[in-house]
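Listed below, chain by chain, are the residues.
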Amino acid sequence: MEIKKLTSRIFYYPNQPEFDRPMLAYIIGSKYSLAIDAGYSEKHVADFYAALQEKGLKKPDFTVITHWHYDHTFGMYYINGISIAHQKTNEMLKIQQQKALNPE
């Protein structure tokens, strides 16, 4: 899968419904870079980063999480840099983590 260019600073990695992978986005600034969503898995993150590297783009310094669904967050453990999420998203992630650690 290849990174697609929208503008000189905005790129996206297309969704892959056959693997339940959402689209990921990337914004390059003059100093920092930003990914939008962490993706589905370690492999999803690795494939995204490899596609960035093929275009000569560095790994993101920050990753913004748009919402707590698994296909946007399960890759968080494998991201480069700092993750950022809204307080409500973070609260939902904590709830989901507790459910996973303490199944009923």
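Above this note sits the structure.
The structure displayed is predicted, hence computed values, not measured ones. Throughout, a residue's number is its position along its own chain's written sequence, starting from 1. At least 70 in pLDDT is required for a residue's local features to be given in this predicted model, at least 80 for side-chain atom pairs to be given and counted, and no such filter applies to totals for whole chains, interfaces and linings, which use all residues. To obtain the side-chain values, all non-hydrogen atoms of the structure were used and water was disregarded.

A.B. asks: Tell me about unusual backbone geometry, and please be specific about residues and values.
C.D. replies: The backbone of D20 shows a phi angle near 60 degrees, a positive value even though the residue is not glycine. Along the polypeptide, D20 turns up in the loop between β2 (10-13) and β3 (24-28). Accessibility expressed as a relative area gives 34% for D20, which makes it partly exposed. Strands here mean DSSP runs of E at least two residues long; helices mean DSSP runs of H or I at least four residues long; both are numbered from the N terminus. Working definition: with a 1.4 Å probe on protein chains only, accessible area under 20% of the residue-type maximum means buried, over 50% means exposed, and in between means partly exposed.

A.B. asks: Let's hear about helix α1 (residues 42-54): which residues, and what values?
C.D. replies: Any helix carries an expected span of 1.5 Å times its number of residues minus one. Counted at 1.5 Å a residue, the expected span for α1 with its 13 residues is 18 Å, and the 18 Å between its end C-alpha atoms agrees. Here α1 has its buried residues at H44, V45, F48, Y49, A51 and L52. Axial view of α1: buried residues confined to an arc of 160 degrees, hence all on one face. Turned more than 90 degrees off the buried face of α1, the exposed positions are K43, Q53 and E54. The inward-facing, buried residues of α1 contact β2, β3 and β4 (33-36). Directly after α1, the chain includes G56, whose backbone phi takes a positive value near 80 degrees. The arc in question is the one spanned by the directions pointing from the helix axis to the C-beta atoms. Contact definition: two residues touch when any of their heavy atoms are within 4.5 Å.

A.B. asks: Tell me about the pairing of β4, and please be specific about residues and values.
C.D. replies: Residues S33 and A35 point to one face of β4 and are all buried, whereas L34 and I36, pointing to the other face, are not buried. Here, strands pair whenever DSSP counts at least two bridges between them. Sheet topology places β3 next to β4; four bridges connect them, and they run antiparallel. Among the inter-strand pairings, I28 is bridged to a residue of β4, identified as S33. As judged from the three bridges shared by β4 and strand β5 (residues 62-65), these two strands associate in the parallel manner. Paired with L34 across the strands is F62, a residue of β5. In this view, the connection linking β4 to its parallel neighbour β5 by way of α1 has right-handed handedness. Think of it like this: strands point away, you trace from the first strand over the helix to the second, and a clockwise trace means the crossover is right-handed.

A.B. asks: Just give me the short version of the environment of I3, but keep the residues and values in it.
C.D. replies: Topologically, I3 is positioned in the segment before β1 (4-5). The exposure class of I3 is buried, given its relative accessible area of 2%. Taking the C-alpha atoms as reference points, I3 and I84, 81 residues apart in sequence, are found 22 Å from one another. Not counting residues up to four positions away in its chain, the partners in contact with I3 are F11, Y12, Y13, F48, A51, L52 and K55.

A.B. asks: Talk me through the side chain of S33; I want residue IDs and the actual numbers.
C.D. replies: In this fold, S33 is placed in strand β4. The buried category is assigned to S33, whose relative accessible area is 1%. At a separation of 3.2 Å, a polar atom in the side chain of S33 contacts the main-chain carbonyl oxygen of K59. The residues touching S33, leaving out its near neighbours within four places in the chain, are Y26, I27, I28, K58, K59, P60, D61 and F62. Polar contacts, as counted here, are pairs of nitrogen or oxygen atoms within 3.5 Å of one another; within protein the pair requires one atom able to donate a hydrogen and one able to accept it, and residues that are adjacent in sequence qualify only if both atoms are side-chain atoms.

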